[in-house]
Amino acid sequence: MSREIATRVARSLRWGERTVTVLSDGIIRLDGGAMFGVVPKVVWEKRMMPDEKNRIRMGMNSLLVEGPEGRTVIETGAGGKDDARFQAMYGIERDGGLPERLREAGSPPEGVDRVILTHLHFDHAGGATTWDEDGTTAVPTFPNATYHVHVGEFEAATNPDERSASSYFARNFAPLAEAGVVEWVKGGDRVGPGIEILETPGHTAHHVSVAVDDGTGRWLVFLGDLVPTTAHLPWPWIMAYDLYPMTTLATKKRVLAQAHDEDWLCAFVHDADCPLAYLAPDARGRFLVDPERDPWIA
Ligand SMILES: [Zn+2]
């Protein structure tokens, strides 16, 4: 069951008056060394076994939040616009991806009211657009949705530095601005009555996380690439992809302590096996997955 969540099966829980469904755009494989930064392979390979190309298998998880504010999709995965060579390089397996999973869950892309993106790297925002029928022009995948993005992230993606140019592709986000469907967000903004934007910088300068209120002030938080998998919970397990790793460290310390103190349910974008978890402190002062609590029982 847990392995299937990554690809085919949508799983839902009640979160106050809302329903939250974990869906996946599919599988992506990224270099294990890049995913774990300064952590040596002899240590990280015990957590995630790499393939023959040193890549680790990860999910591209999204959340569908259904409530009084309508239907919200958080994160869109890599999407299906990339050519076969690109998909092979990253070991992408989609099987219809997020749009198909949404249809199976009874919420087709046309019925989505808003999309929130943590940042604009291709494995998070690629699914925001789709080729039109001619296969030449990228158009919004969610034709009736507004797309919520941090303006600083959009500017960074539009003029990428040399180190980020292989992660930001204009076809994934420029068509959204051209279609006039982007709404800028910043930390503290409410997107709908119970969905709040949290600034969680480090992976990129304007990376955000997304909190969903259960109506009593308890949050389910989609952390995005601040903590991409449960393996990244220990403090120094920080991606080499992060532009500002010391900022990631400071953000992690602040956010994970708050997550524990306020009993957040945490969502992990790239964890194929454990997309949701509560946190508990260990003897070394870290916050790791609480093995005692089932995240699917709210
Ligand atoms: Zn990512």
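Up top is the structure.
Procedures and definitions
- Sequence order as written defines the numbering, with residues in each chain counted from 1.
- Local features are withheld for residues below a pLDDT of 70 in this predicted model, meaning they are given only at 70 or higher, and side-chain atom pairs are given and counted only at 80 or more; totals for whole chains, interfaces and linings count all residues.
- With hydrogens and water excluded, all non-hydrogen atoms of the structure serve as input to the side-chain values.
- Secondary structure follows DSSP: runs of H or I at least 4 residues long count as helices, runs of E at least 2 residues long count as strands, and numbering of each begins at the N terminus.
- Each residue is placed in one exposure class: buried if its accessible area under a 1.4 Å probe, protein chains only, is under 20% of its type's maximum, exposed if it is over 50%, and partly exposed if it falls in between.
- Contact definition: two residues touch when any of their heavy atoms are within 4.5 Å.
- Here the term donor refers to an N, O or S atom within 2.8 Å of the metal (or 3.2 Å for Na, K and Ca), and because water is left out of the atoms, sites may appear incomplete.
- Every angle between 85 and 135 degrees makes a four-donor site tetrahedral, while opposite donors more than 155 degrees apart, with all other angles between 65 and 115, make a four-donor site square planar and a six-donor site octahedral; other sites are irregular.
- Between any two strands, pairing holds if DSSP finds at least two bridges.

Residues other than glycine predominantly adopt negative phi, and peptide bonds predominantly adopt the trans conformation. At Asn54, a position not held by glycine, the phi torsion is positive, near 70°. Inspection of the secondary structure assignment puts Asn54 in the loop between helix 3 (41-44) and strand 3 (55-67). The backbone of Glu75 sits at a positive phi, close to 75°, despite the residue not being glycine. Structurally, Glu75 is set in the loop between strand 4 (70-74) and helix 4 (84-89). A residue is classified by how much of its surface remains accessible, and Glu75, at 0% relative accessible area, is buried.

As a further point, take helix 7 (residues 151-158). Considered for burial, the residues of helix 7 that qualify are Gly152, Glu153, Phe154 and Ala157. Tucked into the core, helix 7 has its buried residues touching strand 8 (146-150), helix 8 (174-178) and strand 9 (182-185).

Protein-derived coordination of the zinc ion comes from Asp123 (OD), His124 (NE2), Asp225 (OD) and His270 (NE2), at a distance range of 1.9 to 2.4 Å. Bound by four donor atoms, the zinc ion shows angles of 80 to 154° at the metal and therefore irregular coordination geometry. Donor residues for the zinc ion, ordered by position in the chain, follow D-H-x100-D-x44-H. Of this pair, His124 sits in helix 6 (residues 122-125) while Asp225 sits in the loop between strand 12 (219-222) and helix 9 (245-261), and the two are 101 residues apart along the sequence. The residues His124 and Asp225 share a single accessibility class, namely buried.

Here the focus is the pairing of strand 11 (residues 208-213). As a general feature of sheets, a regular strand has side chains that alternate between the two faces. Of all six residues in strand 11, six are buried, a share of seventy percent or more. Of the two faces of strand 11, the one lined by Val208, Val210 and Val212 and the one lined by Ser209, Ala211 and Asp213 are each fully buried. Here strand 10 (residues 195-199) pairs with strand 11 via five bridges, running antiparallel. Paired with Ile197 across the two strands is Val210, which belongs to strand 11.

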